[in-house]
Each structure stands twice: as structure tokens, then as C-alpha cells.
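Remarks on the overall topology
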Amino acid sequence: MYLVVILATFMSAIYGYNLSARPDYDRDIPRKKAMAVISRFVFQHSFAADLLRRVKNKDEPGHEEPLYILPGDVLHADTADNAESNYTMVYDQTHPSANDGDGRKFVLRELSSSSGTDYMQIGRKLLNGDEMASKVICLKRLMTCDASNSGHELCKDKNGVGGVASMCEIETDEYDSSIIEDTCCRVSKAFGGIYLVSFMKLDARWKGRISGTLSYDFWRAVEARGFNENIGVINWEDGAWQFRGKMHFSSSYKIDLYDWLEIHPDIENNPFPLHRMFKTHWTLPVAIFDRDFFKVNGVDYCETGCLFRIKTFM
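Parameters and conventions
Residues numbered from 1 in each chain as written. Predicted model: local features only at pLDDT ≥ 70, side-chain atom pairs only at ≥ 80, totals over all residues. Heavy atoms only, no water. Disulfide = S-S within 2.5 Å. Helix = DSSP H or I, 4+ residues; strand = E, 2+ residues; numbered from the N terminus. Buried < 20%, exposed > 50% of the residue type's maximum accessible area, 1.4 Å probe, protein only. Salt bridge = Lys/Arg side-chain N within 4 Å of Asp/Glu carboxyl O.

**Considerations on the state of the cysteines**
If you walk through the whole model with that rule in mind, you get 4 disulfides. Each sulfur of the disulfide joining C138 and C185 lies 2.0 Å from the other. Taking the sign of the torsion about the S-S bond as the criterion, the disulfide between C138 and C185, at about 105°, is right-handed. Separated by 47 residues along the polypeptide, C138 in strand 4 (residues 132-139) and C185 in the loop between strand 6 (180-182) and strand 7 (193-201) bring together distant segments of the chain. There is no split in this pair, since C138 and C185 are both buried. Across the disulfide, C168 is cross-linked to C184 (sulfur-sulfur distance 2.0 Å). An S-S torsion of about 70° defines the bridge between C168 and C184 as right-handed. You can see C168 sitting in the loop between strand 4 and strand 5 (171-172) and its partner C184 sitting in the loop between strand 6 and strand 7, a full 16 residues away along the chain. With relative accessibility at 4%, the residue C184 sits in the buried group.

**Some details on the pattern of salt bridges**
By the definition in use, this model includes 11 salt bridges. A salt bridge links E169 to K140; the shortest N-O distance between them is 3.5 Å. In this pair, E169 is assigned in the loop between strand 4 and strand 5 and K140 in the loop between strand 4 and strand 5, connecting sequence segments 29 residues apart. Taking the relative accessible area as the measure of exposure, E169 reaches 58% and is therefore exposed.

Fair warning: the whole summary comes from geometry, so function is off the table for now.
This is how it looks when you write it as C-alpha cells:
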């Protein structure tokens, strides 16, 4: 009996060598590679948000500047060709008096483990600065306020004047506008919210050679993410950036929710429709995201579409 078991095991092993590969093998590997790209993108967005918090709280050792978080600030990986370039994030402020042209460099993981200033997990690396960047948005009005609803109650300022969403204005010296006195990126001043937007070029391997459309494998990887991550792909179509992906972003439906509650105060019996909160498509407000919004230092990250993420930053 023992010999029969050994013989059966041996024959099964030989038979296994002759089995064909899984029928979905050629689809599974590209999808997993796409998932890895998106995960790396998500982690870098988190690193940028963490750096912003440390700058805001002034607890970054060895760095006295930047003094403030300003609207339009850009964060990206160092593009230098050295050993620390994969771990160094550049904080680039757009205001002339706040930036010397090179940006402030912050090392997220020291090569020496004894430094005690590591913020990035071992094995993680940043995407090159020419591939991905993040930008700070600080608004005077809600992001969804545009020409079609500028008179809405939620789009009025403290004086009751309506308008469209726009970046808040930096407070400068009365006699010298090059001197910054205070930021407007505070919760008490940025009444429309403070956000961090990340965007990344899409490699040609994820697009059709003829049509230029995104591959099925990459779309499947996007669909695997949660709605609350606000991740998708954007393209410039019909005079605006069109988002396609998965999103549960309050600024995309806040006015709709307000109007719903006005008509249906009994929210328990008349809940706000889920499909208006959990979206797979969203037109980015042109008042904020104009055609050149995703151009940074001469690099157009989204010229042919790009990976996109937006999150509220507090």
C-alpha cells in the first residue's frame, strides 16, 4: 500500500509538469503590476500629506522654512541623480519671496539608520519628480461653486456675496507685496477647504497603441481601490478635466446634499441617494482646475491623461 501511495504521488508530480498555465495568467500579471503602480502612487501622496503636516506644525528638525503652507505649493521627489534622490522630497513654493528657485529638500529616510529621522518605510522609494507631483489647494469658496450656482447659499462669503471657487489670497505687507505676513491656508481663513491633489503620468504600456485609451488591466486595478480613496484617471475633454474612477468626495456633492435636505428634512426616511455620493465620474471645477493646472516647472504631467487623487487636508 505504501508503494502504491508513493507511485501515485510520483505520477501526479509528472502530470503537473504537463499542465498548461492558468488561462488568466497573461491578464493577472499586468493587473498586479498596475496595482503596484497605484499603491506606490497612494503611498507617495501620503508622504506628501505627512510632510505638509510637519511643516504646518513646525516640527521638522533642521528646517526653519517654509514658514507657511501657501496655496499652490508643490511637493515632488528630488530629480537629482544621487543615492538619496529616491528618498528626498522637494517642497516648492510658488510665491517669489518664499522660494529661491530650488525648493526646500526634506529627506524622508536617511541612508544612516542611526539618524532617527526616518519617515519612510524600508523598501519604499519615491516616484521621480518628473513622473508625479502633489499640489496644495486652499479655497475661498466651496470647490463646487461655479458660474451655474454662484448665487447658492453655500457659495456666499461672510458678507453674503456669491461667487465661484478660487484660491485664497496670501496676506502680504501693506507696503511690500513680496513680504508674506501670513498664510491663508488655515481652516479659519480657507472657508472653501484645504486639499492636497496628487497627479502622475501614465506610462505608455498602460495605453492602447492606436486608440490611446487606458488598458483594461489598469482599469481593473483602479476598480479594486475603495471609493473613499478618490482615485481615478483624468483627461481634458469638452473644456474641462473629466475624472473617471472611484470617489466619495464631499466637495463633489455638498451643494446637492444641501438642496436635498431642504426638500427632505427627514433624512432617515428620505436618505440622500448613494449614487450621488459614491461617484465613478466627476467634472473637475474649471475655476480651480484650468487646462494648465497640472503643469509644474514646465512639465505637463497630464498632457495625455494622468492618474489623479484628491483628499481633504487639515
